[in-house]
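Spelled out, the chains give:
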Amino acid sequence: MDQADGMAAGSGVMPPLRLAARVWALLARPSGQFSLGLLVLVGFLAGIVFWGGFNWGLETTNNESFCRGCHEMDQNVYREYRTSVHDQNRSGVRASCPDCHVPHDWTHKMMRKIQASNEVFHHLLGDIDTREKFEAKRGDLAKHVWTAMKETDSRECRNCHNFDSMDLARQNERARTRHSQAEDEGKTCIDCHKGIAHRLPAGALDSERALNETWNAVHPK
Amino acid sequence: MTGDGNRGKRLNARFLLVQDYLSSRWRVERPAAIAEESQGAGWLRPAIEGQKKGRSLAFKRESGDKKGVSIVTWKILACLIVAVFACMTSPADAADSLQSLRGNAAVNEPDPSSPIYPVREGQRYERSFLQQPPMIPHRVDKYEIDLKVNQCLRCHDWPNNAQENAPLVSVSHFYDRAGTKLDNVAGQRWFCTQCHAPQVDAKPLVANRFQPALEK
């Protein structure tokens, strides 16, 4: 220790490699002072704090008010979502931003959270910080979401809307015919239900057609 | 042509009349031209005669004699009396006596909401007259129709109509107002719900004698 202190005082900064080696030596050495019980207990408590903190962080960044935190979301997509059927309906059940845009199971949720860092990056760049910029980019952004939905077979929709749980007899004739037809053809929700919570981009019908044709050619049913 | 000439003269005479009236208040002599002009427009003559009288009265008033002053006093007095009466009658009396189209409803009272008629789906209402835009046999309240997108065309435009098994937009909708044939639905036909309405069993808002062609 004396040697280390003297060296730190003398040279000012310890070379990083030597520092890492010393830390590793400290961690690899069996503890001489603390009982195994204490170490396990401290580890357990620290685990609760850190894992809890991690989950708390995930949840705080996974709700409507956080999503609205940046004005790109608040001024564009959130305003369009308001009064849509997923925001207001006769029974009062709501599906807010993360219910549809963040997967619910842990693995996919983590992957989506890592992808979201790209969105933070572009927020900092100010790529869509005006309505005009947003509308100009909207076609591409919408296509990203549509493609993701097709890749996951509309997994986030199906968290609530299940073909198996649908009572077709209680649907109107048009919905009944089209839903049974879609189920037979192996279609997924997003194939028809686009722009249900947000306004569509300009030229949406053409890009929908293009996406369906290319996608269905690559992924035959 | 003669009629037009007369009309010009008449307008001119009317303008001069106004000018004459205004100028009389500043004690400017009426131009001699008006006298000749008014000969042509016989129908103006009595009015001009009246104007002359008015002018003579105005002269008197402005010359500051006592009769003019007393007229002003009378006017002020009349205003005061009217004001006193207006203060004595309360607004509640006025509300009792006045009836709006809504009856005795207060101005800020909300109207009762109009009834909601569910859309009749699964059947087609026949047209009531030949030129009637066909009614929509399904709900359209969530469809986006704006400058960017028209979601009706997702099924009703060619070539989507075939795979969606939906009726095609009438060919007339592919002509612009100059009669040029277009590849897409013409701009003036873009907003479907301007003419086409979802079919509901709504009652007429006003009693009328309209009879559908089929029932005649």
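This is a predicted model, so every value here is computed, not measured.

Rules and cut-offs
- Residues numbered from 1 in each chain as written.
- Chains lettered and ligands numbered in written order.
- Predicted model: local features only at pLDDT ≥ 70, side-chain atom pairs only at ≥ 80, totals over all residues.
- Heavy atoms only, no water.
- Helix = DSSP H or I, 4+ residues; strand = E, 2+ residues; numbered from the N terminus.
- Buried < 20%, exposed > 50% of the residue type's maximum accessible area, 1.4 Å probe, protein only.
- Contact = heavy atoms within 4.5 Å.
- Areas by Shrake-Rupley, 256 points an atom, 1.4 Å probe, with all protein chains shown as cover.
- Patch = residues over 30% accessible without salt bridge, like charges linked within 9 Å, V, L, I, M, F, W, Y side chains within 5 Å.
- Salt bridge = Lys/Arg side-chain N within 4 Å of Asp/Glu carboxyl O.
- Buried area = accessible area lost by both parts, 1.4 Å probe.
- Axes fitted to C-alpha atoms, helices over the stretch in contact; angles between N-to-C directions.
- Parallel < 35°, antiparallel > 145°, perpendicular 65-115°, else oblique.
- Left-handed = near helix turned anticlockwise from the far one by under 90°.
- Nonpolar A, V, L, I, M, F, W, Y, C, P; charged D, E, K, R; others polar.
- Expected span 1.5 Å × (residues − 1).
- Phe/Tyr/Trp six-rings, centres within 6.5 Å; stacked < 30°, edge-to-face > 60°.
- Core = buried A, V, L, I, M, F, W, Y, C linked by side-chain atoms within 4.5 Å.
- Polar contact = N/O pair within 3.5 Å; in protein donor to acceptor, adjacent residues only side chain to side chain.
- pLDDT = per-residue confidence, 0-100.

Asks: Which residues make up the overall build of chain A, and what values do they have?
Replies: Scanning chain A from terminus to terminus reveals 12 helices and zero strands. Ordered by position in the sequence, the α and β elements of chain A form the string α-α-α-α-α-α-α-α-α-α-α-α. Taken over 221 residues, chain A has a buried fraction of 23%. For chain A, restricting intrachain contacts to residue pairs at least 6 apart in sequence, the fraction spanning at least 24 positions comes to 64%. When the accessible surface of chain A is split by element, carbon and sulfur atoms take 62% of a total near 15,500 Å².

Asks: Run through a nonpolar patch on the surface, naming residues and quoting values.
Replies: A cluster of nonpolar side chains, contributed by Phe 34, Leu 36, Leu 38, Leu 39, Val 40 and Val 42 of chain A, occupies part of the molecular surface with about 590 Å² of accessible area. On the accessibility criterion, Leu 38 of chain A (39% relative accessible area) is partly exposed.

Asks: Give a detailed account of the interface of chain B and chain A, specifying residues and quantitative values.
Replies: Residue-level contacts link 18 residues of chain B with 20 residues of chain A. Interface area for chain B against chain A, summed over the two sides, is near 1,400 Å², with a carbon-plus-sulfur share of 39%. Linking chain B with chain A are five salt bridges, by the criterion used here. A salt bridge links Glu 164 of chain B to Arg 178 of chain A, with the nearest nitrogen and oxygen atoms 2.6 Å apart.

Asks: Go over the packing of helix α3 (residues 36-60) of chain A against helix α7 (residues 106-125) of chain A, please, and point to the residues and values.
Replies: Residues and elements named next belong to chain A. Where α3 contacts α7, the axes come no closer than 12 Å and their chain directions differ by 65 degrees. On the basis of the axis angle, α3 is roughly perpendicular to α7. The crossing of α3 and α7 is left-handed. Contacts between α3 and α7 involve Trp 51, Phe 54, Leu 58 and Glu 59 from the former and Trp 106, Lys 109, Met 110 and Lys 113 from the latter. Taken together, the residues that form the contact of α3 with α7 break down as five nonpolar, no polar and three charged.

Asks: So what about the pattern of salt bridges? Which residues, and what values?
Replies: Inspection of the entire model under this criterion finds 26 salt bridges over all chains. Arg 82 of chain A is paired through a salt bridge with Asp 87 of chain A; the nearest N and O atoms lie 3.1 Å apart. Assessed through its relative accessible area of 5%, Asp 87 of chain A is described here as buried. When salt bridges with common partners are traced through the structure, they connect Glu 80, Arg 131, Glu 135 and Arg 138 of chain A together with Lys 148 of chain B into a single cluster.

Asks: Let's hear about α7 of chain A: which residues, and what values?
Replies: With 20 residues, α7 of chain A should cover 28 Å at 1.5 Å per step; its first-to-last C-alpha distance of 29 Å lies within 8% of that length. Where α7 of chain A terminates, the next one or two residues include Gly 126 of chain A, which has phi positive at roughly 75 degrees.

Asks: Quick rundown of the packing of aromatic side chains? Include the residues and the values.
Replies: Residue and element names in this part refer to chain A. A full pass over the atoms with the stated rule returns four aromatic pairs over all chains. Measuring from ring centre to ring centre gives 6.4 Å for Trp 51 and Trp 106, while their planes differ by 40 degrees; the resulting arrangement is tilted. Of the two residues, Trp 51 is situated in helix α3 and Trp 106 in helix α7; the sequence distance between them amounts to 55 residues. Trp 106 sits in the partly exposed class, given a relative accessible area of 48%. Centre to centre, the rings of Tyr 78 and Tyr 81 are 6.0 Å apart; their planes meet at 45 degrees, and the pair counts as tilted.

Asks: Give me the lowdown on the environment of Ala 166 of chain B, citing residues and values where you can.
Replies: Residue and element names in this part refer to chain B. Note on placement: Ala 166 falls in the segment after α7 (160-164). Of the residues examined, Ala 166 reaches a relative accessible area of 15% and is grouped as buried. Along the primary structure Ala 166 and Arg 154 are separated by 12 residues, whereas in three dimensions their C-alpha atoms are 9.8 Å apart. Residues in contact with Ala 166, not counting those within four places in the same chain, are Cys 155, His 156 and Asn 161.

Asks: Can you explain the nonpolar core? Please cite residues and give values.
Replies: Grouped together as the largest cluster of nonpolar side chains are eight residues: Ala 142, Trp 146, Met 149, Ile 190, Leu 200, Ala 204 and Leu 211 of chain A together with Val 149 of chain B. Broken down by secondary-structure element, the contributors of at least two residues to this core are α8 (131-151) and α12 (204-218) of chain A. By residue number, the principal contributor to this core is α8 of chain A, which donates three residues. If we ignore the near neighbours within four places in the chain, the residues touching Ala 204 of chain A are Trp 146 of chain A together with Val 149 of chain B. Ranked by size, the runner-up nonpolar core spans five residues in total, among them Leu 153, Val 169, Phe 174 and Val 185 of chain B.

Asks: Could you give an account of unusual backbone geometry, naming the residues involved and the relevant values?
Replies: The omega torsion of the bond from Trp 158 of chain B to Pro 159 of chain B falls at 5 degrees, within 30 degrees of zero and hence cis. Assignment of secondary structure puts Pro 159 of chain B in the loop between α6 (153-156) and α7. Positive phi outside glycine occurs at Thr 83 of chain A, with the angle close to 70 degrees. On the secondary structure map, Thr 83 of chain A appears in the loop between α5 (71-81) and α6 (97-101). Judged by relative accessible area, which is 60%, Thr 83 of chain A ranks as exposed. For Asn 165 of chain B, which is not glycine, the phi torsion reads 60 degrees and is therefore positive.

Asks: For α5 of chain A, give the residues involved together with the corresponding values.
Replies: Considered for burial, the residues of α5 of chain A that qualify are Glu 72, Asp 74, Asn 76, Val 77, Tyr 78, Glu 80 and Tyr 81 of chain A. A positive phi of about 70 degrees marks Thr 83 of chain A, the residue just after α5 of chain A.

Asks: Got a sec to walk through the environment of Asn 172 of chain A? Specific residues and values, please.
Replies: Here Asn 172 of chain A is to be found in the loop between α9 (155-158) and α10 (173-184). A polar contact of 3.0 Å, which involves the side chain of Asn 172 of chain A, links it to the side chain of Glu 121 of chain B.

Asks: Please provide a residue-by-residue account of the confidence of the model for chain A, values included.
Replies: Residues and elements named next belong to chain A. When the pLDDT values of chain A are averaged, the result is 89; 94% of them are 70 or greater. Within chain A, the element-level pLDDT minimum falls on helix α1 (residues 2-11), averaging 47, and the maximum on α3, averaging 95. Between residues 1-10, whose pLDDT stays under 50, and residues either more than four places distant or in other chains, the model counts six contacts.

Asks: Which residues make up the packing of α5 of chain A against α8 of chain A, and what values go with them?
Replies: Residues and elements named next belong to chain A. Packing of α5 against α8 leaves a shortest axis separation of 10 Å and a crossing angle of 65 degrees. As summarised for this structure, α5 and α8 are arranged roughly perpendicular, according to the angle between their axes. Two secondary-structure elements touch here, α5 through Gln 75, Asn 76, Val 77 and Glu 80 and α8 through Arg 131, Phe 134 and Arg 138. Considered class by class, the residues forming the contact of α5 with α8 number two nonpolar, two polar and three charged.

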